Amino acid sequence: MTQTLGPVMLDLEGTELRSEERELLMRPEVGGVILFARNVEHARQVRELCNAIRSIRPELLLAIDQEGGRVQRLRDGVTRLPAMGKIGRDYEANPEVTLRLCLDAGWLLGMEMAACGLDLSFAPVLDVDTGISSVIGDRSFSSDPHAVAAMAGAFISGLHEAGMAAVGKHFPGHGSVAADSHLELPVDGRPLEQLRQHDLIPFAALSSRLDGVMPAHVVYSAFDARPAGFSASWLGLLRQSLGFKGTIFSDDLGMAGAGFAGTPGERALAALDAGCDMVLVCNDRAAALEALDACQGRSVRLGSRLRYGRARPDIDSLEALGRWRRVHARLEAMASL
């Protein structure tokens with residue numbers, strides 16, 4: 001089952017919808033909304049904001065970056081999550097216990113975000129931590145690509161158990177470049193075979209279980225002169241060689257790593273033409289408007305698995321679940337270390 005949506009996901013200014021944003025969301029080119037820290041105060045407020053968005057366009061995808069550690073937009077009223085690298089530290093010594101915790105963490109995240117009214121979090125991170133990238137660092141489960149695949153696979157199982165989609169990032173791997181793609185365009189010169197034997201391992205192992213993938217704003221110069229998210233070669237490899245059948249989301253086109261593609265409208269079209277299904281344009285309303293104008297007449301058919309399709313749990317009712325209480329306590333303890 002699929003649905004047709006606009007190809008642009010954009011952001012909002014504050015914690016409530018403004019009148020001009022209500023009009024903006026009616027544009028057919030809009031397919032989703034991503035929430036940032038400035039949009040959230042607490043879990044109930046997020047649920048109210050999501051309800052307000054859906055009262056205008058019930059079909060829109062509502063997303064957030066809620067990985068844990070440094071990247072957790074919503075903190076009040078939900079579990080404080082540790083960075084995935086903290087969970088992964090015990091994998092070698094206690095793999096079964098660690099995999100169970102990864103599964104439980106994915107389940108808890110999925111349940112909490114569903115209770116807040118969201119459809120998906122852009123997680124898990126499938127990058128391999130090589131110690132080079134400060135942007136990735138402990139956002140990665142491990143420095144071992146096979147361990148990343150195992151732990152992220154358990155996390156995905158937990159998300160799916162909670163009824164939530166899993167979006168892996170940043171294809172084909174952002175962990176081996178020092179530059180921050182928010183600020184500049186990183187270049188990774190390793191040959192494709194080396195990438196296959198390292199960074200691509202988690203994506204190859206999990207491609208059939210991922211509902212979405214977000215490519216990196218990184219140039220892998222031995223394979224293509226374009227960043228992965230603008231490369232038909234990379235996105236074709238993801239589709240054809242790795243057999244990925246889900247939705248490809250661009251990373252934020254406002255990042256410096258996307259600047260080579262030109263104006264915001266040109267960036268949006270270049271990413272879509274390369275094979276992205278939905279593009280994110282964030283933190284710049286003028287850029288978002290330009291991207292929407294450029295994408296007039298375009299739409300994309302997205303798999304229904306991206307939408308949260310179950311009856312949503314109530315945020316207060318989660319505390320009544322013994323599993324939630326146990327996992328919440330464990331994760332909060334790890335996050336405080």
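Residues numbered from 1 in each chain as written. Predicted model: local features only at pLDDT ≥ 70, side-chain atom pairs only at ≥ 80, totals over all residues. Heavy atoms only, no water.

An unreviewed UniProt entry annotates the protein as Beta-hexosaminidase originating from Billgrantia ethanolica. Its UniProt record, at the heading Function (unreviewed entry), says of the protein: "Plays a role in peptidoglycan recycling by cleaving the terminal beta-1,4-linked N-acetylglucosamine (GlcNAc) from peptide-linked peptidoglycan fragments, giving rise to free GlcNAc, anhydro-N-acetylmuramic acid and anhydro-N-acetylmuramic acid-linked peptides." Turning to the protein, the UniProt annotation filed under Subcellular location (unreviewed entry) states: "Cytoplasm". (UniProt positions renumbered as here; feature names shortened; annotations may be inferred.)

Spatially, eight strands are ordered S7-S4-S3-S2-S13-S12-S10-S8 in an open sheet, and the strand pairing comes out parallel. With partners counted over all chains shown, the strands left at the sheet margins are strand S7 (120-121) and strand S8 (167-171), one partner each. In terms of strand pairing, S8 meets strand S10 (residues 212-215) through four bridges, oriented parallel. Opposite Lys169, over in S10, you have Met214 as the bridge partner. In this fold helix H2 (residues 43-56) packs onto strand S3 (30-35) and strand S4 (61-64), with an angle of close to 170° to the strand it touches most, S3. (Pairing = 2+ DSSP bridges. Helix = DSSP H or I, 4+ residues; strand = E, 2+ residues; numbered from the N terminus. Contact = heavy atoms within 4.5 Å. Axes fitted to C-alpha atoms, helices over the stretch in contact; angles between N-to-C directions.)

Two faces belong to every sheet, and in a regular strand the side chains alternate between them. Here S4 shows a buried face lined by Leu61 and Ala63 and a second buried face lined by Leu62 and Ile64. The pairing of S3 with S4 spans four bridges and is parallel. Residue pairing for S4: Leu35 is matched across the bridge by Ile64. Considered for its hand, the β-α-β crossover made up of S3, H2 and S4 is right-handed. Across two bridges, S4 lies against S7 in parallel orientation. (Buried < 20%, exposed > 50% of the residue type's maximum accessible area, 1.4 Å probe, protein only. Right-handed = clockwise from strand over helix to strand, strands pointing away.)

Quick look at the state of the cysteines now. Cysteine pairs can be linked by a disulfide, which is a covalent bond between their two sulfur atoms. In total, this model carries zero disulfides according to the counting rule given. Cys282 takes part in no disulfide bond, and the closest cysteine sulfur, belonging to Cys276, lies 13 Å away. Given the relative accessible area of 3%, Cys282 is considered buried. Considering cysteine sulfurs only, Cys276 is the nearest to Cys295, which forms no disulfide, with 11 Å between them. (Disulfide = S-S within 2.5 Å.)

One water molecule sets the probe size; rolling that probe over the atoms shows where empty space is left. Applying the stated criterion to the full structure yields one cavity of 30 Å³ or more. By volume, the largest cavity is sized at about 60 Å³. Surrounding the largest cavity, Glu67, Gly68, Ala83, Met84, Ala123, Pro124, Val125, Asp138, Arg139, Phe141 and Phe155 form its lining. When grouped by side-chain class, the residues that make up the lining of the largest cavity number seven nonpolar, one polar and three charged. (1 Å grid on protein atoms, 1.4 Å probe; cavity = no way out; pocket = protein on both sides within 12 Å on 5 of 7 lines; lining within 4 Å. Points joined across faces, edges and corners; volume = space filled by probe spheres on them. Nonpolar A, V, L, I, M, F, W, Y, C, P; charged D, E, K, R; others polar.)

Let's shift gears to the side chain of Asp199. The residue Asp199 is located in the loop between helix H6 (192-196) and helix H7 (200-206) in this model. A distance of 2.8 Å separates the side chain of Asp199 from the side chain of Arg190, its partner in a polar contact. A polar contact is formed between the side chain of Asp199 and the side chain of His198, at a distance of 3.0 Å. (Polar contact = N/O pair within 3.5 Å; in protein donor to acceptor, adjacent residues only side chain to side chain.)

Applying the stated criterion across every chain, the model contains six aromatic pairs. Note on Tyr220 and Trp234: the rings are 5.4 Å apart at their centroids and 70° apart in plane angle, and the pair reads as edge-to-face. Residue Tyr220 is found in strand S11 (residues 219-220), and its partner Trp234 is found in helix H8 (residues 232-241); the two are separated by 14 residues along the sequence. Comparing Tyr220 with Trp234, the two get one shared label, buried. Summarising the aromatic geometry, the rings of Phe223 and Trp234 are spaced 4.4 Å apart at their centres and angled 50° between planes, so their arrangement reads as tilted. Linking Phe223 in the loop between S11 and H8 with Trp234 in helix H8, this pair joins segments that are 11 residues apart in sequence. Taking the relative accessible area as the measure of exposure, Phe223 reaches 28% and is therefore partly exposed. Each residue in the set Phe171, Phe203, Tyr220, Phe223 and Trp234 is aromatic and connected to the rest through ring pairs, giving one cluster. In this structure, Arg323 packs its charged tip against the face of Trp107, placed 4.2 Å from the ring centre. (Phe/Tyr/Trp six-rings, centres within 6.5 Å; stacked < 30°, edge-to-face > 60°. Lys NZ or Arg CZ within 6 Å of the ring centre and 35° of its normal.)

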